[in-house]
Amino acid sequence: MICRVKPILALGVLLIATSGCVSHTPVSESAMFHDRATYPSHQNTMGVGVTGTYSPTQHLARDVATDENLSREPVNPSRFSGGLYLAGFDSAGRYGAGLTLGLFTVGVDATTQLWRRNYLTVSLSALKQGQIILQHRTYNSPRLGAAVGLGYRYDTLAFKSPSPIGIGVSEAGVHSLGMRALSIIRAQGDTRGGIKVSAYAGYAPTVHRPMVTLTLTVGAF
């Protein structure tokens, strides 16, 4: 009997963990700072490191639960996630691709140069979540880099719900539009990576609530 219960509990924990997934941070967007048309702040074609995301959505989740007639107890209400990433870039900074895998986050992303300093980034995360970001690189130097853009996001919120095994989740999607900004900080002479900080501030029209996401990435990118 105990042997039968363990797989069920493991499956329940896996479902909760997966349902608490958060849209990952696209690492491929760092291709913007590899552009040889300016002094490139990054010169590597492969990158690896760690990334984390925080998005306070307690109030938004409560309104979504009311609209969808779901439980008012969200899974992972702070929308916290963290994990390891692997990224690849072409040598001229025209495009990049990334993979992120970790706690509450699984996803892939790609970035391509549209024209001059303008780039398009698309990412797909677990639970059918995704982002589309149109970005403009505003600054690039050996020590600092910055970009601003417009973004569309689809996030999936998970809520606790009763089930035959006592553990279950219900899900609801949230669309939002907003502004996104990022900056990179590097040590003098380091052309491999550093620290990247990004922020998204959007608005979810269906529930009339703001959607804010903060991310921190450390490693080679």
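Scope of this entry: the structure provided in the associated data block. (Residues numbered from 1 in each chain as written. Predicted model: local features only at pLDDT ≥ 70, side-chain atom pairs only at ≥ 80, totals over all residues. Heavy atoms only, no water.)

A short note on unusual backbone geometry
A positive phi angle, close to 65°, is found at F104, a residue other than glycine. Among the secondary structure elements, F104 is positioned in the loop between β3 (95–103) and β4 (105–115). (Helix = DSSP H or I, 4+ residues; strand = E, 2+ residues; numbered from the N terminus.)

So, the nonpolar core
One finds V27, A31, M32, F33, Y85, A87, F89, Y119, A147, L182, I184 and F221 forming the largest nonpolar core, which totals 12 residues. Going through the elements one at a time, β2 (81–89) and β8 (169–185) are the ones with two or more residues in this core. Among the elements that make up this core, the one with the highest residue count is β2 (3 residues). Core analysis: the second largest hydrophobic core is formed by 11 residues, L60, L157, F159 and Y200 among them. (Core = buried A, V, L, I, M, F, W, Y, C linked by side-chain atoms within 4.5 Å. Buried < 20%, exposed > 50% of the residue type's maximum accessible area, 1.4 Å probe, protein only.)

Quick look at the pairing of strand β7 (residues 144–160)
Sheet topology places strand β6 (residues 129–140) next to β7; 10 bridges connect them, and they run antiparallel. Following the sheet pairing, R137 is matched in β7 by A147. Between β6 and β7, which pair antiparallel one after the other, the connecting turn spans 3 residues. As paired elements, β7 and β8 share 17 bridges and run antiparallel to each other. Across the sheet, the residue bridging to G149 is R180, located in β8. (Pairing = 2+ DSSP bridges.)

Focus: the packing of aromatic side chains
If you walk through the whole model with that rule in mind, you get 0 aromatic pairs. Sitting over the ring of Y200, R153 keeps its end group 5.2 Å from the ring centre. (Phe/Tyr/Trp six-rings, centres within 6.5 Å; stacked < 30°, edge-to-face > 60°. Lys NZ or Arg CZ within 6 Å of the ring centre and 35° of its normal.)

None of this, on its own, says anything about what the molecule does.
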